[in-house]
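# Commentary on secondary and tertiary structure
This is what each chain is made of:
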Amino acid sequence: MDMQNLKKNPFSLQIDPAKFEKATDDEKRQQDVMAESTTFFKDGMRRLFHNPLAVMAMIILAILIVVMIVAPMVVPYSYEEIITVEGVRDKAATNLAPFEFSQREQAFMEKYNVSVFPHIMGTDELGRDYFIRVVYGARVSLIVGVFASLMVLLIGTLYGAVSGYAGGKTDMIMMRIVDILYSLPDILIVILLAVVFKQTLDFSNIPIIGKLGTNMVSMFLVFGLLYWVGMARIVRGEILTIKENEYILAAKSVGASPAHIVWSHIIPNCLSVIIIMTAQEIPAAIFTESYLSFIGLGVALPMPSLGSLANAARSGMQSYPWKLVFPAVAIILIVLSFNLIGDAMRDAFDPKLKK
Amino acid sequence: MGLNKSEVIKLFKYVVKRVFLAIITIFLICFITFFTMNAVPGGPFNSEKAKSEAVMQVLNERYGLDQPVPVQFVNYMKNIFHGDFGVSLTTGRDISDTIRTRFAVSAKLGGMAVIVALIFGIVLGATAALNRNKWPDRVIIFFVTLFTAMPSFVAASFLLMIFCIQLAIVPVWSIEDPSYVLPVIALSLSPMAHITRLTKTSMLDALGQDYIRTAKAKGVSMVKVIFVHALRNAMIPVITYVGPLIAAILTGSLVVENIFTIGGLGSQFVESITKRDYTMIMGVTIFLAVIMVTMNLLSDIVYKLVDPRIKLD
């Protein structure tokens with residue numbers, strides 16, 4: 001059929017097809033405005049990395065972690081090593097200011113025309129390099145924080161999942177236990193157990209824990225006993241709502257086992273809440289660790305911790321204020337970064353806040 | 001308050017349930033503390049000076065330590081109900097007396113810190129919410145973020161270092177001249193930061209509600225809208241924080257008192273830990289735990305009373 005013949009009346013308002021040209025394939029493709037398909041996790045990560053504060057906190061944390069890993073390799077001192085010059089203990093190398101050298105070190109440098117690695121944060125009252133002690137202290141804090149929150153994650157999620165999925169009487173009893181544990185004053189129980197364990201238990205033979213000391217065992221124990229309740233409550237709450245979804249019914253009707261349903265349907269759906277809670281648990285654990293170390297119930301000597309360094313620095317506060325400032329700033333930086341990342345994660349992954 | 005009968009019954013049931021749970025919790029704390037205390041090797045009379053068998057026997061009999069541990073526990077509980085926590089292992093003084101005198105100091109310090117934290121937290125939080133995304137909001141949130149990342153012992157040490165030692169404008173604490181300024185600031189900083197955050201979020205939430213728009217549309221003055229309509233409703237979440245707030249201030253005061261050398265219950269506690277004075281640790285733990293549990297209970301009950309929208313479960 002001829003296109004021209006379609007237009008019968010020249011005054012008609014009917015569209016003249018001749019005036020149009022067919023779209024090319026390329027032009028057609030331009031009309032596809034579909035965004036690339038995204039998952040919940042990808043979407044959350046995108047939002048997380050668009051939050052300037054969170055990115056800044058992540059950069060600070062990354063720098064701190066790199067320093068914690070690299071510093072012990074670069075700095076020629078160890079955290080328990082008292083400074084020696086030519087194999088002799090340098091008794092004057094105590095309480096040096098940052099980047100200051102003791103007289104013997106200066107003499108040594110002039111004599112052999114070599115440079116001694118500087119004491120970036122000075123030295124402590126026994127003549128140990130302070131920088132490396134702060135680095136080790138930060139390591140301890142970070143390790144304790146991460147492991148404690150992982151423990152909370154594991155116990156809390158399992159308990160909450162079982163309680164929420166089982167429902168009924170089991171749920172009732174399990175939640176009453178949580179209620180009671182929730183109202184126990186945590187710091188007092190930590191202190192109590194730390195005091196008692198110090199007397200009764202001996203972990204010095206076990207590799208890593210032995211070095212950290214029995215106090216850390218009691219702290220982990222208390223985290224394992226008490227701190228998971230918050231996580232358990234939230235996971236249970238999530239599961240109670242997820243449980244009502246049709247896909248759970250569908251899974252049940254095809255004969256999926258409860259363990260399978262919990263593991264592959266329910267847990268992935270409350271993953272965002274679990275991630276947020278874990279991120280917020282890390283600074284809480286670091287706080288507790290530094291607090292305990294500060295009152296002398298933390299890691300065993302000579303292993304330093306930021307809390308015990310700050311405590312030791314109190315006696316020389318007038319003359320050597322930097323000894324308090326360095327560990328204190330380290331605690332603040334670590335906790336601040338984790339707080340900011342935790343908040344940003346909550347904003348990025350909490351579907352209820354989506355706008 | 002206009003509660004009908006079924007609501008009153010529900011509330012009553014809730015209170016009974018919570019009180020029951022609180023009693024179990026407190027009992028559990030006593031139980032844990034007592035049995036962990038007895039798990040520690042050595043008795044209270046194992047001092048440096050060796051005592052003869054006979055003396056030990058007499059002492060143990062006198063203090064009832066020859067009986068099996070569960071019997072001792074029952075006796076200990078009976079004594080606690082009469083306010084008798086036993087005697088200190090290091091000083092030999094009556095623990096309840098020590099707790100009473102020391103707690104008077106701590107309560108004064110803690111009370112001031114609670115008031116300061118509440119007043120400043122609410123004012124700053126409301127200011128931040130009313131100036132959302134303007135400079136006052138940003139400044140307040142900056143400091144709040146900083147203070148939440150600062151443990152109480154760091155804040156206290158810094159304050160002491162800057163104002164007492166480097167600048168020497170505030171005197172160091174002494175019994176004759178008690179200067180509560182710095183310890184109160186140190187104790188209240190982090191709870192204040194929490195209250196500010198809490199008030200800001202709930203105030204923003206309240207300001208976005210329909211009843212605020214209605215009030216504004218009716219021509220209610222801005223002052224009245226803020227104070228009567230918005231702030232009053234924004235206070236509800238803050239009330240729930242009072243329980244944890246008191247717990248936070250009590251735990252904070254354990255180190256803050258120690259740093260400022262204030263002879264309160266907190267420094268007594270830290271002292272007894274370093275001296276391994278077990279009966280004192282137990283006495284103070286139980287005492288503080290009871291306060292914390294009671295405060296949590298009270299703030300939860302008040303919360304339910306204040307906000308009729310909360311479902312009782």
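As the structure is a computational prediction, the values presented were derived from the model and not from experiment.

Looking now at the interface of chain B and chain A. With 46 residues of chain B at the interface, the matching set in chain A holds 38 residues. The junction of chain B with chain A conceals about 3,800 Å² of combined surface from both sides, 80% of it contributed by carbon and sulfur atoms. Linking chain B with chain A are 1 salt bridge. Note that Arg197(B) and Asp343(A) form a salt bridge whose closest N and O atoms lie 2.4 Å from each other. Viewed at the interface, chain A and chain B are joined by 1 residue pair in polar contact (both at pLDDT 80 or more). Mapped onto the side of chain B that touches chain A, the elements with two or more residues apiece are α1 (5–39), α5 (135–148), α6 (152–166), α9 (222–259), α10 (265–274) and α11 (278–306) of chain B. Partitioning the side of chain B that touches chain A into residue classes produces 31 nonpolar, 12 polar and 3 charged.

Counting 185 residues, the largest nonpolar core has Ile191(A), Ile295(A), Phe153(B) and Phe260(B) as the members making the most contacts within it. No other element matches the 17 residues that α9(B) contributes to this core. Formed jointly, this core draws a minimum of three residues from each of two domains, domain 1 (82–128) and domain 2 (137–353) of chain A.

This part takes up the confidence of the model for chain B. With 88% of its residues at a pLDDT of 70 or more, chain B shows a mean pLDDT of 80. The ipTM for the predicted assembly is 0.77, set against a pTM of 0.79.

Looking at the secondary structure, you find Leu158(A) in helix α5 (residues 130–166). Note on Leu158(A): relative accessible area 57%, which makes it exposed.

Cut-off values and rules
Residues numbered from 1 in each chain as written. Chains lettered and ligands numbered in written order. Predicted model: local features only at pLDDT ≥ 70, side-chain atom pairs only at ≥ 80, totals over all residues. Heavy atoms only, no water. Contact = heavy atoms within 4.5 Å. Buried area = accessible area lost by both parts, 1.4 Å probe. Salt bridge = Lys/Arg side-chain N within 4 Å of Asp/Glu carboxyl O. Polar contact = N/O pair within 3.5 Å; in protein donor to acceptor, adjacent residues only side chain to side chain. Helix = DSSP H or I, 4+ residues; strand = E, 2+ residues; numbered from the N terminus. Nonpolar A, V, L, I, M, F, W, Y, C, P; charged D, E, K, R; others polar. Core = buried A, V, L, I, M, F, W, Y, C linked by side-chain atoms within 4.5 Å. Buried < 20%, exposed > 50% of the residue type's maximum accessible area, 1.4 Å probe, protein only. Domains from an automatic or database assignment. pLDDT = per-residue confidence, 0-100.

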